[in-house]
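Structure at a glance
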Amino acid sequence: MDWVLHGYLSYLGILIIAAALLAWFNYKLQRRYQFVPGPIGLPVLGNLHIFYWYRSAHRKLAEIAEIYGPVFSLRLGFSNVLVLSSIDSVKEALIQRGSDFSGRPSLDCLSFRRCRSAVANHTFSPTYLRNKQATIAAINISLYNSQSYELRVTSTAQELIQKFMEFQDTYFDPQPLIKSAVAELIFKILFGDELPHRYLLRAKDLAADFPYQEAFAVENSFDFLFLPRLLSVDRIQRRTDSCYIELLRFIRDVNREQTLRNTRELPRSNCTSVACVLQDSRSRRNSLPLSKDKEPEQQNLDNETIDHLLAEMFVFGCGKVSATIAWLLVFIGRDGNLQQRLHDEFNQKLSTSHFFSLADKTHLLLLEATILEVFRMCCPFPSAIPHSTIRETTVAGFKIPKNTPVFINLWACCRDSKYYRNPNVFYPFRFLDDKKEQIETLISSPSFSLGERRCFGYGLAKGILFLLTGNLLNNFQFELHKDVSVEENLTLNPRKFQLRAQLKNSTKLVTNHLQ
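Anyway, here's the lowdown on the structure attached to this text. (Residues numbered from 1 in each chain as written. Predicted model: local features only at pLDDT ≥ 70, side-chain atom pairs only at ≥ 80, totals over all residues. Heavy atoms only, no water.)

**Let's talk about the packing of helix H16 (residues 365-377) against helix H18 (residues 458-475)**
- H18 packs onto H16 with a crossing angle of 120° between their chain directions and a minimal axis gap of 10 Å. Between H16 and H18, the crossing angle belongs to the class labelled oblique. For H16 against H18, the interelement crossing comes out right-handed. Here Leu367, Glu368, Ile371, Leu372 and Phe375 of H16 lie close against H18, whose contacting residues are Tyr458, Lys462, Leu465, Phe466, Thr469, Gly470 and Leu473.
- Tallied by class, residues from the contact of H16 with H18 come to 8 nonpolar, 2 polar and 2 charged. (Axes fitted to C-alpha atoms, helices over the stretch in contact; angles between N-to-C directions. Helix = DSSP H or I, 4+ residues; strand = E, 2+ residues; numbered from the N terminus. Parallel < 35°, antiparallel > 145°, perpendicular 65-115°, else oblique. Left-handed = near helix turned anticlockwise from the far one by under 90°. Contact = heavy atoms within 4.5 Å. Nonpolar A, V, L, I, M, F, W, Y, C, P; charged D, E, K, R; others polar.)

**Quick notes on the sheet that holds strand E3 (residues 171-172)**
- Pairing is antiparallel in the open sheet, where 3 strands are placed in the order E3-E11-E8. Two strands close off the open sheet at either side, each with one partner strand: E3 and strand E8 (476-480).
- Here E8 pairs with strand E11 (residues 499-503) via 5 bridges, running antiparallel. Bridge pairing links Leu480 to Leu499 in E11.
- Helix-sheet contacts for H18 involve E8 and E11, and the interaxial angle to E8 is about 95°. (Pairing = 2+ DSSP bridges.)

**A short note on the packing of helix H15 (residues 336-349) against H16**
- At a minimum axis distance of 9 Å, the contact between H15 and H16 shows a crossing angle of 140°. Considering the angle they form, H15 stands oblique to H16. For the pair H15 and H16, contact is made by Leu338, Arg341, Leu342, Glu345 and Phe346 and by Leu365, Leu366, Leu367 and Thr370, respectively.
- Looking at side-chain class alone, the contact of H15 with H16 contains 6 nonpolar, 1 polar and 2 charged residues.

**Let's talk about the packing of aromatic side chains**
- By the definition in use, this model includes 14 aromatic pairs.
- Geometrically, the ring pair formed by Phe331 and Phe426 is stacked, given 4.1 Å between the ring centres and 5° between the ring planes. In this pair, Phe331 sits in helix H14 (residues 303-334) while Phe426 sits in the loop between helix H17 (410-413) and H18, placing the two residues 95 residues apart along the sequence.
- Overall, the relative accessible area of 7% leaves Phe331 in the buried class.
- On the accessibility criterion, Phe426 (15% relative accessible area) is buried.
- Between Phe375 and Tyr458, the aromatic rings sit 6.1 Å apart at their centres with planes inclined by 45°, giving tilted as the arrangement. Linking Phe375 in helix H16 with Tyr458 in helix H18, this pair joins segments that are 83 residues apart in sequence. An identical accessibility class is assigned to Phe375 and Tyr458; each is buried.
- Clustering of aromatic rings is evident, with ring pairs tying together Phe164, Phe167, Phe172, Phe476 and Phe478. (Phe/Tyr/Trp six-rings, centres within 6.5 Å; stacked < 30°, edge-to-face > 60°. Buried < 20%, exposed > 50% of the residue type's maximum accessible area, 1.4 Å probe, protein only.)

Okay, here's the thing in structure tokens:
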């Protein structure tokens, strides 16, 4: 028996020595190839456990930044990844050296939209710039036609007020109503008001079923795993792909039908929907002679690209706007003092039978500051879609190799103590100057990212939020049933909550608003 025990002890000793040698080799390997300081990872896996052992990876990355600084590196598998966690480092990378950091890493989890992807995940190129410029121009035309745009948002606000009135003086969950209303609104902005009812119902169903959290929760680490098809994240990715393809087919059918209708019935001067403006832009560009120094793909929009543009605007718009409205109601329902000050601002600056317009933004500063603070506290996607370097560059004095994936922790940037005093406290007044007479633009929220890759729908989202939430707050006094915790992964959404919406004034007043 002694020789058996001796054999086991020998094997145990060999395993201990092998583990020690592996740990030493792993340490030396990381220190040799680590271009920026960062935490030592596990053998083979590196720091991948951060994205699976911690549900709120952005919080863990913020804790690591407190140790290693706002610019640090992780090793995911055998790949070194740069992480930026402060406003200054993000400004340097995305604004001062925006061209160097303008790429997208080659990640399979992004490929379901990269195949002819329109803007969000397209590699930085003349085609990307063309698509983004066309999208921004189409959104701006819709916004500049303020009467049509405001009528759409006001109509949605009216319907939402009527639905809230059905639950008057009782607690209810507003999130399904908000998601449905936002989906219908964004669909009308994209395709116009004269839509068959079946299209609106289908759009609402697709928006309700789209896996926003799953789609963006796996983007930061999925491709660094070995044998990913053996893991559950691959099933999540397949579901996301399936939902996006289904949405794209629906968008394609609606876009073709609306294009034919607009061609027959609408003059160009009445073209106010985003889809109509994009199709009009395509027609005008295609009528121009091709330049000798540009490829045809770089000059002309085709139908498939427009379909992807519209699908991206619908997906990102529904996810971000509905989550932000829900969070705003949570904070307002939690803070009775802030709600009363907002009501006082409305009473002083608006008439009693007033429905909001974008012109009111200039004198409803507290409401504007409250929206900015909600963006800061609850940015819908705490981690931006990954960037990559297209050439060797530097940031914060560190030399960054070409083709380095770059993760941007927007959640940490929005809590940068250099720019925000008491960053974990909800305090809208931080965005007002000392006299509370104008918005302090120097510290605008980075929740929609910065630089050339900044979300192109930021202005549209702010306008929708101002009009929708302003009209809701001008009619109701909200009371939260109980405190709400956050639903965190790599997206932020409030957990299911209930609130009570009490009319500020008589039912007759609201009825007059709706006429």
